[in-house]
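Listed below, chain by chain, are the residues.
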Amino acid sequence: MSFLDFLDRIPDKIFPQLKPKIVNGFLFFPFRWCREIFHIVGSFVLIIISYILYLHVYKNAPIIVFALLGVWMTYQEFYLHPKKYNQKLLEGMFDWSSWIIPFIIYLIFLYKL
């Protein structure tokens, strides 16, 4: 297994595969939300790194980081994961959104668009 595969499977190893259950008449997926929290935390770490680059290296670094993030996440969530792990489109949309939306909000506040 490659290093990227190892990194990709960290949330699966930390949290066991929890089965969905019905809570107040709604189907609840506890593992799904834990996974999205990991994605949002990863997005915040990337935001902090891009802000440090913004302060000390290059003023347009966050835009470059966002472009790279957008390209990679689109490839990963909509091409790679469906082929490699049989991930459904809806799961890919949740994962993609949990990475991209916090970064868009950060860029809006940073550049006051």
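Up top is the structure.
What comes next is a walk through the structure. (Residues numbered from 1 in each chain as written. Predicted model: local features only at pLDDT ≥ 70, side-chain atom pairs only at ≥ 80, totals over all residues. Heavy atoms only, no water.)

**Quick word on the packing of aromatic side chains**
Aromatic rings in a pair are described by how distant their centres are and how their planes are angled relative to each other.
Phase 1 of the analysis: Going through the model one piece at a time under the given rule, you end up with seven aromatic pairs.
Phase 2 of the analysis: Centre to centre, the rings of Tyr-54 and Tyr-111 are 6.1 Å apart; their planes meet at 90°, and the pair counts as edge-to-face. Residue Tyr-54 is found in helix 3 (residues 30–56), and its partner Tyr-111 is found in helix 5 (residues 89–111); the two are separated by 57 residues along the sequence.
Phase 3 of the analysis: Among the aromatic residues, ring-to-ring pairing joins Tyr-51, Tyr-54 and Tyr-111 into one connected group. (Phe/Tyr/Trp six-rings, centres within 6.5 Å; stacked < 30°, edge-to-face > 60°. Helix = DSSP H or I, 4+ residues; strand = E, 2+ residues; numbered from the N terminus.)

**Examining a nonpolar patch on the surface**
Phase 1 of the analysis: A contiguous nonpolar patch, built from Ile-37, Val-41, Val-45, Ile-49, Leu-53, Val-57, Tyr-58, Ile-64 and Leu-68 and spanning about 840 Å² of accessible area, is present on the exposed surface.
Phase 2 of the analysis: One can find Leu-53 in helix 3. (Patch = residues over 30% accessible without salt bridge, like charges linked within 9 Å, V, L, I, M, F, W, Y side chains within 5 Å. Areas by Shrake-Rupley, 256 points an atom, 1.4 Å probe, with all protein chains shown as cover. Salt bridge = Lys/Arg side-chain N within 4 Å of Asp/Glu carboxyl O.)

**Here's the deal with helix 5**
Phase 1 of the analysis: With 23 residues, helix 5 ought to run about 33 Å at 1.5 Å a step, and its terminal C-alpha atoms sit 32 Å apart, in line with that.
Phase 2 of the analysis: Within the sequence span of helix 5, burial applies to Gly-92, Asp-95, Ser-98, Trp-99, Ile-100, Pro-102, Phe-103, Tyr-106, Leu-107 and Leu-110.
Phase 3 of the analysis: Lys-112 occupies a position one or two residues after helix 5 and carries a positive phi of about 50°. (Expected span 1.5 Å × (residues − 1). Buried < 20%, exposed > 50% of the residue type's maximum accessible area, 1.4 Å probe, protein only.)

**Side note on helix 4 (residues 61–85)**
Phase 1 of the analysis: Where helix 4 bends most, at Gln-76, the angle is about 40°.
Phase 2 of the analysis: Those residues of helix 4 that sit buried are Ala-61, Pro-62, Val-65, Leu-69, Gly-70, Met-73, Gln-76, Glu-77 and His-81.
Phase 3 of the analysis: In the stretch just after helix 4, Asn-86 is the one whose phi turns positive, near 55°. (Bend = angle between axes of the 7 residues up to and from the residue.)

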